[in-house]
Amino acid sequence: MRRPVDIAALQHALRAALGTDDPVCAPSRLGVDGGPFDALGPVAAERPTLVGGAAPYGPTSPVPAPEALDALIRRAKDLDVPQILVPHVRRTDDSGALGAAGFVPVAAGSECVVRLTEDVDAFLRARVGDDRLGELHALHDEVSRDVTWERVPLRELAAHGWAREAFAALHRRSGGSDADRGGPYNARALEALSHGALADRTELLVRRRDDTVVQVALLVRSHNGRGVYLVAPAVADDDAVARDDLHAATVYRLHLDSRSSGLDWVHLGPGNAEHARPLGADLFVPLDHWVYAPGLPPGGEGARAAEPALSRFAAPPVTAVPVPGPARFRRQPRFDTIDLSSNTNPFLGADGSYPHLDTTELADTYLATVAQLPGHEGVDALSAEHVLFSSGSVDGAMLLLAALASPGETVCVTSPTFPLYAHFAAVLRLPVVDVPLSGDDLSRLDTERILAADPRVIFLCDPNNPAGTRLDRGQVLDLVARTRGLVVIDEAYAEFSDSPSYAGAVARHDNLIVLRTLSKGWGLAGARCGIALAGPGLIDALRRVQVPFGFTDASQRAARERLTNSHEALDSIRRIRAERDRMAAALASHPAVEHVFPSETNFLLVRWYEHDRAMARFHAAGIVVADTGHVVRGTCRISVGDIRANDTLLRALSAEE
């Protein structure tokens, strides 16, 4: 519905609805929310306005060509109309022509798309959770008992006059005073659509209880044949809860019908993302209204935010290159286009397409989920712009070194620590300075030695691997405040810890990066999902060196389902922590054990009186542990397994030789 022929049909319907030769009316009569217009003046939503684009029937309006914009401005002058509106323009579109012509953007929410990736209940479970899926089932079953489901092809509208009148009447009832003033969804508009270019792809959805029409909408098949737009819905019920319930039940039924017809997506129209998520939407494209009127201020509260500046820590070569093409256009939706740009095989199913690059909704899901965990205060202040998904957190470590450090700049590690930090630094020809941890439990930083090395990047593994302990928080925050470089805190094991996360602090420190993973506490090691949390300017730098399609669709689906249905993972974390504490107590009391390091992870670092003898016992019992004796004298790292595996290890220690 973004092709010129479709836009012309929608404009014709609007003119028919208004009964005018030109689409001139107040934006409020189109159902365009007046709230955003307040930033442009208290009466902007009520001014006579020449409407361009696809409003109100199109889900979005394409940016008019420069010559079309010139014609709009001339026509407004001829009509003596003080204002022009191009509504619901995708922020991902190139809007340079609108800005150059003097139009002002006003934030207008998002368009909301449900991508039908598999069985309806399977993808809804991954996106809305078991509880909400149960609610949708119940609503659908209840509504289906006494409400019909009728789809009238628009080409056959003449034979269904009752449906045309019901559509107009229900919009009058649900629209209130605006409908009385001549709203856009009336019988004249529907008649015009039924004779236009969209008629063959459009159906009128009508739902009746007994003989009373309780819901109407238009269903428009996309020109690429892959999806359907839900347009101009109206519900009769005056009770807000009942109205929402009927809408939800209808959307669920639409998912079922669309999937059974082989469609790939359902477009729910412009709206509030928070309301569309519980209906299964997982793609939200931000929209702007563009307004032209002499004397308007350049935006205001409702104007869209500027793009974040690239971080000052970006390496010089990174500042000279853009984000690679596919990732740069990650938010330009292609669901409603015919994509012949990717040179893939169209005959072998969904796996023949490249992974989705716009992971904004998944980032929001991740932040909302971890913000509820103990010790994660401040995470709710972060946005999707603070999040980058990578192929495991080790990939994130490599990315940030490539994007933020230049050959010759120093990388600092604090042994004992995860060895790949130094490994990646060496590969990238970055000198490594090791400033070992100190203290009985390896929890103390030598801050002054670290600062004296003046490193470009400091890696802190916290909770520590292999020690399992947490660093002194005051020392860490002092280091972040005093260093001229970047501090990277790897929180791979944070879900097992009682101590606060540093995730919420990235909004306050432009030199802080927190690495997280879904491999450990979330049990998705095979899905390869790492997360980098940092300021938007740092995230932009990382995107410039990241392989665009490294985070696969399968990984995205696994991550979304695990985060949405988090109760199982969180319960397993509690069980692991209980087993960790049981094992720590049992090992500490064993005569072969010299010391069990306090652990805030899902493993234990154990020092033995006779290290080689303990390793031999494990080998003989077919038990594999991580021998860390080469980095921490006389130790091994033991992952916390299930009860059976843990008891087997304890028996092996006590077996007769």
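The text that follows walks through the structure, step by step, so that each part is easy to find. (Residues numbered from 1 in each chain as written. Predicted model: local features only at pLDDT ≥ 70, side-chain atom pairs only at ≥ 80, totals over all residues. Heavy atoms only, no water.)

### A closer look at helix H8 (residues 240-260)
One turn of the α-helix equals 3.6 residues, which is why residues spaced by three or four share an orientation.
Here is step 1: Between its terminal C-alpha atoms H8 stretches 30 Å, which fits the 30 Å expected from 21 residues at 1.5 Å a residue.
Here is step 2: Among the residues of H8, those classed as buried are Leu246, Ala248, Ala249, Thr250, Val251, Tyr252, Leu254, His255, Asp257 and Ser258.
Here is step 3: Where H8 terminates, the next one or two residues include Gly262, which has phi positive at roughly 85 degrees. (Helix = DSSP H or I, 4+ residues; strand = E, 2+ residues; numbered from the N terminus. Expected span 1.5 Å × (residues − 1). Buried < 20%, exposed > 50% of the residue type's maximum accessible area, 1.4 Å probe, protein only.)

### Points about the pairing of strand S4 (residues 104-115)
Here is step 1: Among the twelve residues of S4, ten are classified as buried, and the element is accordingly described as predominantly covered.
Here is step 2: As defined by bridge partners, S4 adjoins strand S10 (residues 283-292) across eight bridges and the pair is classed as antiparallel. Looking across to S10, one finds that Pro105 is bridged to Trp290.
Here is step 3: Sheet topology places S4 next to strand S9 (residues 265-271); six bridges connect them, and they run antiparallel. For Ser110, the partnering residue across the bridge sits in S9 and is Gly271. (Pairing = 2+ DSSP bridges.)

### As for the pairing of strand S21 (residues 635-639)
Here is step 1: Bridge count for strand S19 (residues 603-608) against S21 is five bridges, and the pairing is antiparallel. Considered in S21, the bridge of Arg607 is made with Thr635.
Here is step 2: Bridging between strand S20 (residues 626-627) and S21 involves two bridges; their strand directions are antiparallel. Looking across to S21, one finds that Ala626 is bridged to Arg637.

### Topic: the sheet that holds S19
Here is step 1: Spatial ordering of the open sheet is given by S18-S19-S21-S20, a layout of four strands whose pairing is antiparallel. What marks the edges here is a single partner per strand, and that holds for strand S18 (593-596) and S20.
Here is step 2: Both S18 and S19 contribute to a ladder of three bridges, which runs antiparallel. Bridge pairing in S19 links Val596 to Val606.
Here is step 3: Here helix H19 (residues 567-588) sits on the sheet in contact with S18, S19 and S21, set at roughly 5 degrees to S19.
Here is step 4: Against the sheet, helix H20 (residues 611-620) makes contact with S19, S20 and S21, and its axis sits at roughly 130 degrees relative to S19, the strand it touches most. (Contact = heavy atoms within 4.5 Å. Axes fitted to C-alpha atoms, helices over the stretch in contact; angles between N-to-C directions.)

### Points about the side chain of Glu579
Here is step 1: In this structure, Glu579 sits in helix H19.
Here is step 2: Here Glu579 falls in the buried class, since its relative accessible area comes to 11%.
Here is step 3: A polar atom in the side chain of Glu579 sits 2.7 Å from the side chain of Asn646.
Here is step 4: Residue contacts for Glu579: discarding those within four places in its chain leaves Val640, Gly641, Asp642, Ile643 and Asn646. (Polar contact = N/O pair within 3.5 Å; in protein donor to acceptor, adjacent residues only side chain to side chain.)

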